[in-house]
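Structural overview
One letter stands for each residue in the lines below.
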Amino acid sequence: MNNKERVLKVLELPFCHLIKDINKKTDISQEQIKEILNELINENLVYIKNNFYYLRKQGKIVIKDRGFGFISVPENENDYYVSEYDTQGAYTNDIVDFYCEASNDGKHLDGAKVIKIVKRANEYVFGKVFIKRKGDKINYYVASHDKNFNVKAKLNSNELLGAVEGSIVKAKVTNYINNELVEAKIESIIGHQDDPGIDISEVAIRFGFEAQFSDEAINQANKTPNSIEVKDYPKRKDFTNIITITIDGDDSKDFDDAISLKVLDNGNYELGVYIADVSEYVTEYSPLDMEAFKRGTSVYLADRVIPMLPHKLSNGICSLNEGENRLVLACVMEIDLKGNLVNYEMNEGIIKSRHRMTYNNVNKMLNNDIEVISKYDDIYEMILEMAKLSEIIRERRNKRGGIEFDVAEYKIALDENSKVTDIILRSRDKAELLIEDFMLSANETVAYHLNIMQLPCAYRVHEIPDNEKVIKVLTMIKNLGFNIKTNPTKIYAKTVQQAMDVVKDSKEYLIINQLMLRSMMKAKYDPKCLGHFGLAMQYYCHFTSPIRRYPDLMVHRLIKN
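The present account deals with the structure reproduced in this document.

Parameters at a glance
Residues numbered from 1 in each chain as written. Predicted model: local features only at pLDDT ≥ 70, side-chain atom pairs only at ≥ 80, totals over all residues. Heavy atoms only, no water. Disulfide = S-S within 2.5 Å. Buried < 20%, exposed > 50% of the residue type's maximum accessible area, 1.4 Å probe, protein only. Helix = DSSP H or I, 4+ residues; strand = E, 2+ residues; numbered from the N terminus. Lys, Arg positive; Asp, Glu negative; His and termini not counted. Salt bridge = Lys/Arg side-chain N within 4 Å of Asp/Glu carboxyl O. Polar contact = N/O pair within 3.5 Å; in protein donor to acceptor, adjacent residues only side chain to side chain. Contact = heavy atoms within 4.5 Å. Phe/Tyr/Trp six-rings, centres within 6.5 Å; stacked < 30°, edge-to-face > 60°. Lys NZ or Arg CZ within 6 Å of the ring centre and 35° of its normal. Patch = residues over 30% accessible without salt bridge, like charges linked within 9 Å, V, L, I, M, F, W, Y side chains within 5 Å. Areas by Shrake-Rupley, 256 points an atom, 1.4 Å probe, with all protein chains shown as cover.

1. Observations concerning the state of the cysteines
Here is the idea: a disulfide is a covalent bond, and it sits between the sulfur atoms of two cysteines. In this structure the tally under the stated criterion is zero disulfides. Left without a disulfide partner, Cys-318 is nearest to the cysteine sulfur of Cys-541, which lies 19 Å away. On the basis of relative accessible area, Cys-318 is assigned to the buried category, the value being 2%. Take Cys-529: it sits in no disulfide, and the sulfur closest to it among the cysteines is that of Cys-457, at 7.7 Å. What makes Cys-529 partly exposed here is its relative accessible area of 26%.

Structure below.
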């Protein structure tokens, strides 16, 4: 280790910042230490203040409501506390240079002080135009609607682009005056505060969700057919004589998955999962592909959907609409009465959906609603068998240790003016679980196939969580008086699942559920098959939603290639 490295090593220690302190720790002469420190200052690795020397670090800051904040550094698990007096006017998500020093109150030994703001997170102010009058002079401002960027933006009255008091605008920041005031220039007018749905329009624009497609993409979409004939696709497997159905929400407009089921002579089930063959129309590197890649997913907002693909495709030729011939990638699986995959086949195919079913109607059928059963009597027996298979698949996953985290989903009800009238908890009844189980089975089978064939795949992985984090939650559960088993050396999905089952009906459940969820790793995409801890699956990818999720489209292309 050379002298420069030795000095840096000492600076990593707390409370050792004077040259004489570094001298005592290293025996390097003070004169040489000073030369090294000056060199490190020039390299932006060291910061000097009042003859004290500090390692210069960089991270992302989050400012809390009371003014203080925390800085996170990618390679460091712990965050650094910053008092409200040491943020240098930083806003949430700004990149800052900082140095470590215990906070003034002595409560935070891992304290930090911001040196300077390296990169602002906010280039724009989104908010409402208001006027301040001072004598004959009128000043125009934008009041930011973002609580993480709570500023007023002063506007040039000659560059309003037609904005008036009450206009909702997007304005580019041109100058930071202080922590509460910036200067900005209006780039676009989103609407007026009284316009229906203006809040959601602002959210969409603020987060960069693009509603408009390029002219090239629209032209390509317009060239896709409105319908198809089976005879035009002789190489595809014809599934049009098989009873296939879609099951979705009442308000769904696009249908990218259909299912079929029959009981085989050997007692096993043949489950067919048919996914819209989007890749047939969205060819690689085409304008549609570039638009889809840029979006990544469809975006679902309270009163609208911003689709990944134009409606001509997402609601048309790529949607498995009732009574229409549609191109699909089919994953047909033979599953035994214990939920094991016995055999499978994947094909490019054509289907014609027999019924557009809703979760609501399927649940009514499963609850013996005579009126709905009589309306769909041709598929009633199949629906009953689907419910049985769903329970078998779920039971098998539970035995393997699949974890059911209770994460509530809500639907926002709006009136004709896009004002919120209600917040409704989404239910997960038998029909919802049925579709979930069948889609998970198809995703697992496709990932298994690509893996054993040693073909590339964009796997959806959920790695084994940090042992220490999970043990902390399990220990807390034990301390609350619950009888659970723990293994301090290795965490298994089954261990987490059993602990959550024990506390399921307790008053502490919601808190424990959140803590356990936060102790998990985040799911991500990876070219390596690293398994899915939460689902207790060795193989998993996203295959079933290519209309609204780009990674699924990638997996389709890999299968077809």
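Read on, since the account is not over.
2. A word on the environment of Lys-375
By the element assignment, Lys-375 lies in helix H9 (residues 370–375). Residues Lys-375 and Leu-515, 140 residues apart in the sequence, show an inter-C-alpha distance of 46 Å.

3. What to know about the side chain of Glu-334
Here Glu-334 lies in strand E19 (residues 325–335). Of the side chains with opposite charge, Lys-262 comes closest to the buried, unpaired Glu-334, at an N-O distance of 10 Å. Within the structure, the side chain of Glu-334 is placed 2.8 Å from the side chain of Asn-268, a separation counted as a polar contact. Beyond its immediate chain neighbours, meaning those up to four positions away, Glu-334 contacts Leu-264, Asn-266, Asn-268, Tyr-269, Asn-340, Leu-341, Val-342 and Asn-343.

4. Regarding the packing of aromatic side chains
What the rule picks out here adds up to 16 aromatic pairs. With 5.2 Å between their ring centres and 65° between their planes, Phe-239 and Tyr-274 make a pair best called edge-to-face. Here Phe-239 is found in the loop between strand E13 (237–238) and strand E14 (245–248), whereas its partner Tyr-274 is found in strand E16 (residues 269–276), with 35 residues between them in sequence. For the pair Phe-293 and Tyr-550, a centre-to-centre distance of 5.4 Å together with 70° between the ring planes defines the contact as edge-to-face. A residue pair is termed long-range when its members are at least 10 positions apart, and Phe-293 in helix H6 (residues 287–295) and Tyr-550 in helix H15 (residues 550–560) qualify at 257 residues. Judged by relative accessible area, which is 55%, Phe-293 ranks as exposed. Each residue in the set Tyr-47, Tyr-54 and Tyr-99 is aromatic and connected to the rest through ring pairs, giving one cluster. One cation-aromatic arrangement involves Lys-170 over Tyr-124; the distance from NZ or CZ to the ring centre is 4.5 Å. Just above the ring of Tyr-525 sits the side chain of Arg-460; from NZ or CZ to the centre is 4.5 Å.

5. A short note on a nonpolar patch on the surface
On the surface, Tyr-410, Val-420, Ile-423 and Leu-425 cluster together into a nonpolar patch covering about 440 Å² of accessible area. Here the nonpolar patch gets three residues from one element, more than from any other, and that element is strand E23 (residues 420–425). In this fold, Ile-423 is placed in strand E23. With relative accessibility at 53%, the residue Ile-423 sits in the exposed group.

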